[in-house]
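# Structural description and commentary
Chain by chain, the residues run as shown.
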Amino acid sequence: MDYESGTLNSGVEGLTTTHATAPDASGVVQPGHAGSYAVQHKVTLGDPAYESNGAPRSESATDLLEAGQFNVGDIQRYEFSVLLKDWKPYEPGDSESGDIIFQGKYAGGNVPAFYLMTKRNEVAFRSPHLNKQTTVVPDLRPDINKWMNFRVDARWTTDETGYFKVSAQLPGQADYTQIFSYDNVRTYQPENPADHGYIKWGLYRPSESIENGDVPTRIVQHDDIRIFDLS
């Protein structure tokens, strides 16, 4: 999905776009990462127009696209570019909740298999079922309003032969660098029945609220979302 069609579905029939009702909850903006367009998602806490399924989020997803799904036995690579638009940095005393910007999600209302999030002034990768979290970008502040590239390689298994391998390419870097890997782990373990998984990108703020002192409005842009079959 490179959004060069200038449309929210990037010209891909069946791509799910945001369910938030605010007119600016999502939109196509210029310029993009390597082309003319990118998609932008916005969430304002405390405003139901920026909520989807009862939570503050605005996201796009591949749930209904067969080519965008993953199943047990698949080996896939996910790449995406992200820009944190006018991002307010964390300061001591601020809430430490995280903003989720990319997910590998099981179908059926399950928690994610993995996600990348901003937390404090870091970008971190977390797998809830594995109870593992690792810093990917130690300090995002120099890269606010710049395009950052991320890659996740996943082998989807129901036994301990799976893996997640996470790489990043920050502004000024010539190529991706692998940051870490979780090897010999069970990667496909939904709590509820799920016949497939899929990816989502945008902005999801599950634990944040005005009452907690979280930043009221966040905006994120995504571009060049790619799924590769490595099987």
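First, a word on scope: everything that follows refers to the structure included in this document.

Conventions and cut-offs
Along each chain, the written sequence defines residue order, and numbers are assigned to residues from 1. Selection of residues for local features in this predicted model requires a pLDDT of at least 70, selection of side-chain atom pairs for listing and counting requires 80 or more, and totals for whole chains, interfaces and linings are taken over all residues. As a convention, hydrogens and water are excluded, and side-chain values are obtained from all of the structure's heavy atoms. To qualify as a nonpolar core, a set must consist of buried Ala, Val, Leu, Ile, Met, Phe, Trp, Tyr and Cys residues joined through side-chain atoms within 4.5 Å. With a 1.4 Å probe rolled over the protein chains alone, any residue whose accessible area is under 20% of its type maximum counts as buried; one over 50% counts as exposed, and the rest are partly exposed. Throughout, a residue-residue contact means that at least one pair of heavy atoms, one from each residue, lies within 4.5 Å. Numbering of helices and strands runs from the N terminus, with a helix taken as a DSSP run of H or I at least four residues long and a strand as a DSSP run of E at least two residues long. Strands pair, by our definition, only if DSSP identifies at least two bridges between them.

## Quick look at the nonpolar core
With 46 residues, the main nonpolar core has Leu116, Phe125 and Phe150 as its most contacted residues. Excluding residues within four positions of it along the chain, Phe125 makes contact with Phe114, Tyr115, Leu116, Lys132, Gln133, Thr134, Val136, Val152, Phe164, Val166, Phe180 and Tyr182.

## So, the environment of Gly32
Positionally, Gly32 belongs in the loop between strand 1 (26–29) and strand 2 (38–44). C-alpha separation for the pair Gly32 and Pro138, spaced 106 residues apart in sequence, amounts to 25 Å. In this structure, Gly32 is in contact with Tyr37, Ala38, Trp147 and Asp223, ignoring residues within four places of it in sequence.

## Remarks on the side chain of Gln69
Note that Gln69 resides in strand 5 (residues 69–70). Taking relative accessible area as the criterion, Gln69 reaches 17% and is therefore assigned buried. Residues within four places of Gln69 in sequence aside, it is in contact with Thr62, Asp63, Leu64, Asp74, Gln76, His196, Gly197 and Tyr198.

## Considering the pairing of strand 14 (residues 197–204)
Within strand 14, eight of the eight residues are buried, which leaves the element mostly enclosed by the surrounding structure. Across the two faces of strand 14 the burial is the same, with Gly197, Ile199, Trp201 and Leu203 and Tyr198, Lys200, Gly202 and Tyr204 all buried. Pairing between strand 5 and strand 14: two bridges, direction antiparallel. Bridged to Phe70 within strand 14 is Gly197. Inspection of the sheet shows strand 7 (residues 98–106) paired to strand 14 by six bridges, in the antiparallel sense. Opposite Gln103, over in strand 14, you have Lys200 as the bridge partner.

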